[in-house]
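Results of the structural survey
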Amino acid sequence: MNRRYISYMVIALVFIICGCNSTSNNTSMKNAVDIQQDISKIQYIGNCNVLCTNTTALINVNFKNQNDINYINQESLKKSIKNIVKNENSNIKNIFVTSNENVSKKIQNISKSAYEGNKVDLKWEIQNIVKNFIPNV
């Protein structure tokens, strides 16, 4: 199966299983998928994972070429990603962007847990990731 399709299905599953009401759930799911599609169009981005609630978005990006990290303006890239998020949903005020491999693994574990039918507190998971894996927040 296509990796992007699997990512969309995992995001959808996370939001379906989380304790959100269905209207909020559908909005968050659509926002996450739309944000992921738009960020994936950026030249240097190979893949990205997006988790979001009504007011917070956590974006983990993987570069097509790891050498890109050395010569791109990371602040400019983060600003572009934040603009994409705000264009998709102006209610999202807290936007965290990282390329940390541990965050990617954590997001995959959250998705796997949700897929296995475990209840996922998405708000708490995002707060936990930000607190433990993203420095200087």
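Note that the structure is a prediction, hence the values are computed from the model and not measured.

This part takes up the overall build of the protein chain. Helices and strands together make up the secondary structure of the protein chain, namely six helices and three strands. Taken from N to C terminus, the helices and strands of the protein chain fall in the order α-α-β-β-α-α-β-α-α. Counting over 137 residues, the protein chain shows a buried share of 45%.

Moving on to the environment of Gln 66. Tracing the chain through its elements places Gln 66 in the loop between strand 2 (56-63) and helix 3 (68-71). Separated by 22 residues in sequence, Gln 66 and Tyr 44 place their C-alpha atoms 9.4 Å apart.

With that out of the way, let us pick up the pairing of strand 3 (residues 94-98). Extensive coverage of strand 3 is indicated by the burial of four of its five residues. Summarising the sheet, strand 2 and strand 3 pair through five bridges and their orientation is parallel. Each residue of the ladder has a partner; that of Leu 58, found in strand 3, is Phe 96.

Formed by 20 residues in total, the largest nonpolar core has its most connected members in Ile 39, Ile 45, Ile 59, Val 61 and Ile 81. Secondary structure elements with two or more residues in this core: helix 2 (22-40), strand 1 (45-52), strand 2, helix 4 (74-88) and strand 3. The contact partners of Ile 45, leaving out residues within four places of it in the chain, are Ile 39, Ser 40, Val 61, Asn 62, Phe 63, Lys 64 and Leu 77. Counting residues in each nonpolar core, the second largest holds 13 residues, with Leu 51, Phe 96, Ile 107 and Val 130 among its members.

Strands sit in the order 1-2-3 across an open sheet of three strands; the sheet is mixed. Each edge of the sheet is formed by a strand with only one pairing partner; in this case those strands are strand 1 and strand 3. When the angles between neighbouring strand axes are averaged without regard to direction, this sheet yields 15°. Running over the sheet, helix 4 touches strand 1, strand 2 and strand 3 and is turned about 140° from strand 3.

As a further point, take the pattern of salt bridges. Enumeration over the complete set of coordinates arrives at three salt bridges. We note a salt bridge from Lys 41 to Asp 38, for which the minimum N-O separation is 3.9 Å. Given the relative accessible area of 24%, Asp 38 is considered partly exposed.

When two helices pack together, their arrangement is given by the angle between the helix axes and the distance between those axes. Between helix 5 (residues 101-115) and helix 6 (residues 122-133), the least distance of the axes is 11 Å, while the angle of their chain directions is 160°. When the axis of helix 5 is compared with that of helix 6, the two are roughly antiparallel. When the axes of helix 5 and helix 6 are compared, the crossing they make is right-handed. Where helix 5 abuts helix 6, its residues Asn 102, Val 103, Lys 106, Ile 107 and Ile 110 lie against Glu 125, Asn 128, Ile 129 and Phe 133. Grouping the amino acids of the contact of helix 5 with helix 6 by side-chain chemistry returns five nonpolar, two polar and two charged.

Take the side chain of Thr 98 next. Considering the arrangement of structural elements, one finds Thr 98 in strand 3. Judged by relative accessible area, which is 11%, Thr 98 ranks as buried. A distance of 3.0 Å separates a polar side-chain atom of Thr 98 from the backbone nitrogen of Asn 100. With residues up to four places along the chain from it excluded, the contact list for Thr 98 reads Ile 59, Asn 60, Val 61, Val 103 and Ile 134.

Moving on, we come to helix 6. Its twelve residues give helix 6 an end-to-end C-alpha distance of 16 Å, which sits within 8% of 16 Å, the value for a rise of 1.5 Å per residue. Here helix 6 has its buried residues at Leu 122, Glu 125, Ile 126, Asn 128, Ile 129 and Val 130.

What counts as what
- Residues numbered from 1 in each chain as written.
- Predicted model: local features only at pLDDT ≥ 70, side-chain atom pairs only at ≥ 80, totals over all residues.
- Heavy atoms only, no water.
- Helix = DSSP H or I, 4+ residues; strand = E, 2+ residues; numbered from the N terminus.
- Buried < 20%, exposed > 50% of the residue type's maximum accessible area, 1.4 Å probe, protein only.
- Pairing = 2+ DSSP bridges.
- Core = buried A, V, L, I, M, F, W, Y, C linked by side-chain atoms within 4.5 Å.
- Contact = heavy atoms within 4.5 Å.
- Axes fitted to C-alpha atoms, helices over the stretch in contact; angles between N-to-C directions.
- Salt bridge = Lys/Arg side-chain N within 4 Å of Asp/Glu carboxyl O.
- Parallel < 35°, antiparallel > 145°, perpendicular 65-115°, else oblique.
- Left-handed = near helix turned anticlockwise from the far one by under 90°.
- Nonpolar A, V, L, I, M, F, W, Y, C, P; charged D, E, K, R; others polar.
- Polar contact = N/O pair within 3.5 Å; in protein donor to acceptor, adjacent residues only side chain to side chain.
- Expected span 1.5 Å × (residues − 1).

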